[in-house]
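Coordinates in review
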Amino acid sequence: MKPLLNVDSALAKILADIKTLEAETVSLPDSYNRVLAEDIISPIDLPPFDNSAMDGYAIRCEDSAAASRANPVSLSVIMDIMAGSAPAGQLEAGTAARIMTGAPIPKGATAVIPVEDTDDNWSKGNDSPLPARVSLFRSLAMGENIRLAGENIGAGDTIMTAGTVVGAAEIGMIAGIGLPRVEVIRQPKVVILSSGDELVDIYDELTPGKIRDTNGYTLAGLIRGAGGLPIRLPIAKDSLESIRDLYRRALEINPDLLISTAGVSVGAADLVKVVMDELGEIDFWRINMRPGKPLAYGTICGIPFFGLPGNPVSTMVTFEVLARPALAKIAGRDFNQRTVKATIADDMRGDGRRTYARVKLQREPGRLVARSTGIQSSGALMSMVLADGLAIIPEEQTFMPAGSEVDVLPLRSIE
Ligand code: AMP
Ligand code: MG
């Protein structure tokens, strides 16, 4: 029997093989949640012009030097500048321009006094008539309430680097600098293969001896969450012909990654292994982890391939630990796994393999507490429904008393 392979060595071997996909150009709205394949360099200053941070009056700040509520300074109002307009005139000493938030600062102005610090009152709304004069109730510093051109970003600035995931702020910023299209990493197509005479789909009748295919659905969710495009094929029967046909159909899709479940355990019908061997270069690993010891990994016609174990929890845990980082690398995303420290609330047991225990996480003052979700059978998918994370009990460690600190691989954001 082959020796058990360490989880970290398995992951290192996998990541060494995996290549990131090429770039494609997409329209800006389609870039949401995609990975930038180029640095984004701003062709313009943002804001593009000096503008007002307030509704008020643009003035020359030296004109306000003597102003106070008791002794207001009166200026003549010579301009009215709405957002979107481009003021032509020059502000001379003793004059002011009514100005709206975001509107360009006229030449000569060095500060904006908010309307509430003047004798004007816009309670009648924006269309209130332009007064002939305005009284200032306070003095202003140079530049007060002026947003300077380029203060957010300057022309030529690199505002995002390749590898950035485009979120809402990023897409807005790219729109702000006027790029209608961006280069992103192509989204990986991932084919999901399920086989087993016992499996039926959700629309089928659950006759005696049958169970529903859950792995096809959980994997589709996991793949989508990791930035891939899942493609689920119909379930194959436990016959060479049916399994060969399934793989032929999978390859016709020209996928970037193949993920099958079941057929890699010791007791499994050897048919899947036969077909994997016919088609590709596949290693059958025994990984020092629980759940998920048996795992097939390699390439089929040059396409990376994972044969995950069939038990629903094993499928999900091996995906999290080994396939997710691989898919992240294919998609050009950060593939480093981040664990958090937590204190276990109950005693935990391992069997000498690295154990991924399903836990609920709860914040308490100064610490994160991990509690077992209860039943830990690799067939009990409810343990994943309840879990916020996978607590890692290291190799060789068969007992960890309550109060021990463990690393936890989070499965969702922790409240
Ligand atoms: P096998 O590797 O074929 O022996 O399968 C191991 C266990 O996983 C068996 O209990 C199967 O019924 C179960 N299993 C295999 N494939 C799936 C699937 N797609 N959905 C749910 N359970 C599965
Ligand atoms: Mg089977």
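These numbers were taken from a predicted model, which means no experiment stands behind them. (Residues numbered from 1 in each chain as written. Chains lettered and ligands numbered in written order. Predicted model: local features only at pLDDT ≥ 70, side-chain atom pairs only at ≥ 80, totals over all residues. Heavy atoms only, no water.)

**A few points about the packing of aromatic side chains**
Rule in force here: Here a pair means two rings of Phe, Tyr or Trp (six-membered ring of Trp) with centres within 6.5 Å. Their orientation is stacked below 30 degrees between planes, edge-to-face above 60, and tilted elsewhere. Only protein chains enter the accessibility calculation, which uses a 1.4 Å probe; a residue whose area is less than 20% of its type maximum is buried, one above 50% is exposed, and one in between is partly exposed.
Scanning all chains against the criterion turns up three aromatic pairs. A ring pair is formed by Tyr-297 and Phe-306, whose centres lie 5.2 Å apart and whose planes are at 55 degrees; its orientation type is tilted. Summarising the burial analysis for this pair, Tyr-297 and Phe-306 share the class buried.

**A few points about the pairing of strand β6 (residues 95-99)**
Where we set the bar: A run of H or I in DSSP counts as a helix once it spans at least four residues, and a run of E counts as a strand once it spans at least two, with each numbered from the N terminus. DSSP-based pairing: two strands are paired if at least 2 bridges between them are found.
Burial runs high along β6: five of the five residues are buried. The two faces of β6 match: Thr-95, Ala-97 and Ile-99 on one face and Ala-96 and Arg-98 on the other face are all buried. Judged from the five bridges that link them, strand β5 (residues 73-81) and β6 form a sheet pairing that is parallel. What sits directly across from Val-77, in β6, is Ala-96.

**Some thoughts on the sheet that holds strand β7 (residues 111-114)**
Note the cut-off: Under this scheme, a helix contributes an axis fitted over its contacting stretch, all axes are lines through C-alpha atoms, and angles between N-to-C directions fall in the 0 to 180 degree range.
Strand order in this open sheet of five strands is β7-β4-β6-β5-β8, and the pairing throughout is mixed. The sheet is open, and its two edges are formed by β7 and β8 (133-136), each paired on a single side. Across this sheet, the average inter-strand angle for adjacent strands is 40 degrees, counted without regard to direction.

**Observations concerning the site of ligand 1**
In plain terms, the rule: We define proximity as follows: a residue is near a molecule or strand when any one of its heavy atoms falls within 4 Å of that partner. The definition of a polar contact used here is a pair of N or O atoms within 3.5 Å, where within protein one atom must be able to donate a hydrogen and the other to accept one, and adjacent residues in sequence count solely through side-chain atom pairs. Calculation of accessible area relied on Shrake-Rupley with a 1.4 Å probe; when residues are assessed, cover is drawn exclusively from the protein chains displayed.
Among the 16 residues in the neighbourhood of ligand 1, the closest are listed as Glu-198, Asp-213, Thr-214, Gly-263 and Gly-310. Between ligand 1 and Thr-214, the relevant distance is 3.1 Å, taken from a nitrogen atom to a main-chain nitrogen or oxygen of the residue. Within the backbone of Asn-311, an N or O atom sits 3.2 Å from an oxygen atom of ligand 1. Across the complex, the protein chains shield 79% of the 490 Å² of accessible surface that ligand 1 would expose by itself.

**What about helix α6 (residues 312-330)?**
What counts, and what does not: Bend is the name given here to the angle between axes fitted to two runs of seven residues, the run ending at a residue and the run starting at it.
Roughly 50 degrees is the biggest bend found in α6, and it falls at Glu-320. Across the 19 residues of α6, 18 count as buried, placing the element largely inside the fold. Of the residues trailing α6, Gly-332 is marked for its positive phi of about 80 degrees.

**What to know about the pattern of salt bridges**
Put simply, the rule is: Each reported salt bridge corresponds to a side-chain nitrogen of Lys or Arg within 4 Å of a carboxyl oxygen of Asp or Glu.
Counted under the stated rule, the structure contains 22 salt bridges. Across the salt bridge formed by Glu-320 and Arg-324, the nearest N and O atoms sit 2.8 Å from each other. Pair noted here: Glu-320 and Arg-324 are both in helix α6, with a separation of four residues, about one helical turn. According to the relative accessible area criterion, Arg-324 is partly exposed, its value standing at 26%. For Asp-407, the salt bridge is made with Lys-341, and the minimal N-O distance between the two is 2.8 Å. Within this pair, whereas Asp-407 is found in strand β27 (residues 405-410), its partner Lys-341 is found in strand β21 (residues 340-344), the two being separated by 66 residues in sequence.

**Some details on the domain arrangement of the protein**
Here is the rule we go by: In this entry, domain limits derive from an automatic or database-based domain assignment. Residue contacts follow a heavy-atom distance rule, with two residues in contact if any of their heavy atoms lie within 4.5 Å. Accessible-area loss on putting two parts together, using a 1.4 Å probe and summing over both, is the definition of buried area adopted here.
Here the domain parsing of the protein yields domain 1 (7-21 + 186-330), domain 2 (26-46 + 156-185), domain 3 (51-147) and domain 4 (340-410). Computed from C-alpha coordinates alone, the two centres of domain 1 and domain 4 are separated by 26 Å. The partner domain 4 presents 19 residues to the 17 residues of domain 1 that form the contact. Buried area between domain 1 and domain 4, summed over both chains or domains, comes out near 1,500 Å², and the portion from carbon and sulfur atoms is 62%.

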